2 protein chains.
Amino acid sequence: MKILEIREKTVPLNSAISNAYINFSQMTASIVSIVTDQYIDGEQIIGFGFNSNGRYGQGSLMRERLFPRIYDLSEGDYQSDNLDNIDPFKLWNAMLTNEKPGGHGERAVAVGTIDMAIWDLVSKIAGKPLWKYLSEKFNKGNYDKSVFVYAAGGYYQPDKEVDGLIEEIQSYIDLGFSVVKIKVGGGDVNIDIKRIEAALNLLGSGKKLAIDANGRFNHEQAVTFAEIIEPYKLRWYEEPGDPLDFDLMSTVAKNYYEPLATGENLFSLQDATNLIRYGGLRPDKDILQFDPALSYGLVEFLRIIQMLESSGWSRKACIPHGGHLMALNIAAGLGLGGNESYPGVFEPFGGFFDGAKVEGEIVKLHDMPGIGFEGKSDLINLLRTSLK
Amino acid sequence: MKILEIREKTVPLNSAISNAYINFSQMTASIVSIVTDQYIDGEQIIGFGFNSNGRYGQGSLMRERLFPRIYDLSEGDYQSDNLDNIDPFKLWNAMLTNEKPGGHGERAVAVGTIDMAIWDLVSKIAGKPLWKYLSEKFNKGNYDKSVFVYAAGGYYQPDKEVDGLIEEIQSYIDLGFSVVKIKVGGGDVNIDIKRIEAALNLLGSGKKLAIDANGRFNHEQAVTFAEIIEPYKLRWYEEPGDPLDFDLMSTVAKNYYEPLATGENLFSLQDATNLIRYGGLRPDKDILQFDPALSYGLVEFLRIIQMLESSGWSRKACIPHGGHLMALNIAAGLGLGGNESYPGVFEPFGGFFDGAKVEGEIVKLHDMPGIGFEGKSDLINLLRTSLK
């Protein structure tokens with residue numbers, strides 16, 4: 001059971017959107033394939049992965065540091081103990097060899113991307129959908145047959161303000177979504193309030209609308225904004241300030257009764273632990289959005305879940321950032337609280353299977369071995385043709 | 001005053017040493033030059049920089065994300081307000097465009113490396129040694145004519161245990177050093193104690209010996225080790241555990257009376273702020289080792305100093321990691337507590353000027369414009385020949 005080759009290509013995300021912090025027109029992502037000497041029904045088993053939006057592709061880092069460490073291994077170094085599969089934890093340890101602690105940035109993204117391809121591979125070798133594989137390995141056979149999803153969008157777009165936003169939200173409703181997230185923090189609070197009220201008008205209830213400041217506010221702005229929006233009783237208020245400013249988060253939590261959300265820009269178990277220790281978040285209502293594909297992969301995410309549960313949190317508090325099939329499998333198989341989705345944005349990486357219907361707040365699972373990329377034709381075509 | 005070209009080359013560090021976490025035989029560094037249209041005495045002004053040891057070269061990240069953002073600027077975008085120089089803060093802002101908050105890893109190293117070349121450039125344009133330029137700009141004209149330095153070494157080396165260590169420490173004493181730092185945390189506490197006692201024997205006093213665990217210990221090990229070494233009254237006990245585990249640091253601080261040190265693996269103002277908020281460190285004795293060349297450069301380091309001083313700390317608590325001329329200039333010009341040095345290791349990046357003498361604990365300054373690389377022949381030769 002041998003890894004023959006690992007391939008990477010950096011592709012543009014081709015998106016004209018922007019949030020309160022960055023615009024995505026220059027954003028890239030890495031796509032990765034791991035080719036093995038294993039076959040199912042005459043077809044060579046290949047694992048695929050990519051990094052979530054918002055951080056750049058990491059092909060050079062992979063080629064300079066991570067691929068050589070995997071190529072240096074012999075087959076026995078990464079086989080599972082009972083020899084029937086590849087062991088993601090052994091490959092993970094190899095990738096992190098000769099890496100100092102701390103400094104969790106691009107390296108976490110690179111490892112997370114390869115980790116996705118490894119889990120795709122491992123569940124394909126096992127002949128099971130990843131969600132089922134995870135359920136059996138790490139969740140006592142429990143899984144969720146359907147997963148809560150919400151439409152994350154409402155980005156600031158050139159020449160679109162409230163009208164464009166309403167059109168966009170209507171399109172999510174037409175797709176079957178009932179919970180929508182929009183961006184705030186672009187600079188003008190009055191415009192943000194107009195956008196929030198327009199969205200609420202359409203969605204009908206605060207619990208159907210989440211907002212995301214993408215870390216833009218300082219302490220005072222974050223608290224002031226919290227006071228302004230509290231009466232709307234929104235689904236959640238996401239990343240009010242710098243994601244590593246736990247003191248800011250804790251101050252907001254003291255001053256805001258409704259749910260808060262954060263975590264997509266914390267890239268390691270240690271950073272996640274610090275959020276839980278110092279962020280003042282409330283296990284009974286707040287949402288954690290750690291994104292395995294940006295933060296050392298599912299191997300590290302399993303440790304994060306363990307840390308959460310030993311700190312009095314439920315894994316149901318986790319609704320990962322990312323909006324892709326990997327996160328959907330993890331949410332279903334490990335029993336998380338749900339999954340992000342970006343309908344029509346970050347395609348073909350975002351979204352679910354061909355023909356998958358969102359009904360209210362849920363999306364159904366798939367039965368393909370692996371993550372299920374083969375059931376999303378635009379994505380699998382890109383992966384196959386780009387990684388030849 | 002135009003930036004004509006920015007060049008980068010990744011070079012091997014070529015070192016057989018290892019600490020408790022990594023070995024350095026595969027380690028690389030980026031060297032960078034910034035070529036301008038300015039001349040002094042008929043010679044084109046070029047700024048040079050490189051990243052400190054311990055993190056890998058970041059040429060690809062620079063080429064993919066940072067250089068294009070600088071090339072996209074027009075001259076006026078980065079000139080100082082009075083038009084007599086280039087403004088490092090404006091270039092810094094440009095480099096961080098379209099970068100999300102959080103995830104301070106390789107990006108911080110890449111920016112820090114270019115930032116070094118920018119300050120070399122800026123002080124050359126001003127016709128002043130960087131330490132003097134910094135003193136006038138940011139320290140009311142104050143500076144230290146000589147800087148405390150210590151010899152950081154005592155790495156674990158294949159086939160060398162106590163004998164090799166004694167030989168190494170003696171060589172530092174012969175070079176003029178009186179304070180030496182050695183590694184601990186390699187796995188066997190008894191060997192570490194033997195190494196500490198051998199070093200103390202030679203150095204004569206605990207205040208002449210610092211030890212560095214490179215983040216290797218867990219909570220229990222870190223505290224146990226602290227209890228064992230407390231009677232030696234060492235200069236400092238560095239990075240007992242994961243650099244981002246502020247709770248571990250705070251626990252050690254509660255259980256250990258002598259000085260602690262940490263910070264080289266915190267790569268941003270926000271991470272440094274969290275250390276001060278949650279790490280339980282004591283402003284009257286503990287040492288902070290934030291390394292500008294790994295953490296978004298001097299631009300970010302100036303903010304860190306501001307944060308420290310507004311939190312009741314003195315800048316004298318700062319003794320940066322890195323062991324190079326940039327840190328020496330910063331220490332002298334801003335009045336920090338000192339500077340690391342790695343005699344004979346990480347050459348030609350480590351060490352000071354040709355013929356510079358260490359006398360006891362101090363090293364004297366230079367009078368060359370810029371950081372002074374031109375006064376260290378092995379280094380300037382490497383920079384000039386590799387970056388043609």
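Everything here concerns the structure above.
Residues numbered from 1 in each chain as written. Chains lettered and ligands numbered in written order. Predicted model: local features only at pLDDT ≥ 70, side-chain atom pairs only at ≥ 80, totals over all residues.

Novice: Hey, could you run me through the interface of chain B and chain A in this one?
Specialist: Often the size quoted for an interface is simply the accessible area lost on bringing the parts together. The interface of chain B with chain A comprises 37 residues on the first partner and 37 residues on the second. Taken together, the elements giving at least two residues each to the side of chain B that touches chain A come down to helix H1 (59–71), helix H4 (106–125), helix H9 (246–255) and helix H10 (269–278) of chain B. When residues in the side of chain B that touches chain A are grouped by element, the largest group, 5 residues, is from H10 of chain B. Grouping the amino acids of the side of chain B that touches chain A by side-chain chemistry returns 12 nonpolar, 13 polar and 12 charged. (Contact = placed C-beta atoms within 7 Å. Helix = DSSP H or I, 4+ residues; strand = E, 2+ residues; numbered from the N terminus. Nonpolar A, V, L, I, M, F, W, Y, C, P; charged D, E, K, R; others polar.)

Novice: Whenever I open this one, helix H3 (residues 88–95) of chain B confuses me. Can you help?
Specialist: Three- or four-residue spacings in an α-helix give side chains the same orientation, since the helix completes a turn every 3.6 residues. When we look at burial in H3 of chain B, the residues that qualify are Pro-88, Leu-91 and Met-95 of chain B. Looking straight down H3 of chain B, one finds that the buried residues subtend no more than 65 degrees of arc, so they occupy a single side. (Buried ≥ 20, exposed ≤ 12 C-beta atoms within 10 Å, placed from the backbone. Arc of directions from axis to C-beta.)

Novice: Is there a simple way to think about the pairing of strand E4 (residues 146–152) of chain A in this case?
Specialist: A regular strand places its side chains on the two faces of the sheet in alternate fashion. Residues and elements named next belong to chain A. Across the 7 residues that make up E4, a large majority, 5, are buried. Pairing analysis gives 3 bridges linking E4 to strand E12 (residues 362–364), with the strands arranged antiparallel. Across the sheet, the residue bridging to Phe-148 is Ile-362, located in E12. Where E4 lies against strand E10 (residues 339–341), 3 bridges are found, and the strand directions are parallel. Residue pairing across strands places Tyr-150 opposite Glu-340, the latter belonging to E10. One ladder, built from 2 bridges, connects E4 with strand E5 (residues 180–183); its direction is parallel. Bridging across to E5, Ala-152 finds its partner in Lys-181. (Pairing = 2+ DSSP bridges.)

Novice: What exactly am I supposed to notice about the sheet that holds strand E1 (residues 3–12) of chain B here?
Specialist: Residues and elements named next belong to chain B. Strand order in the open sheet formed by 3 strands is E1-E2-E3, and the pairing between neighbours is antiparallel. Every other strand in the sheet has two partners, leaving E1 and strand E3 (43–50) as the edge strands with one partner each. Strand-to-strand twist in this sheet, taken as the mean axis angle between neighbours without regard to direction, amounts to 25 degrees. Summarising the sheet, E1 and strand E2 (residues 28–40) pair through 9 bridges and their orientation is antiparallel. Bridging across to E2, Ile-3 finds its partner in Thr-36. Lying on the sheet, H1 is in contact with E1 and E2; it crosses E1 at an angle near 170 degrees. Contacting E2 and E3, H4 crosses the sheet at an angle of about 150 degrees to E3. (Axes fitted to C-alpha atoms, helices over the stretch in contact; angles between N-to-C directions.)

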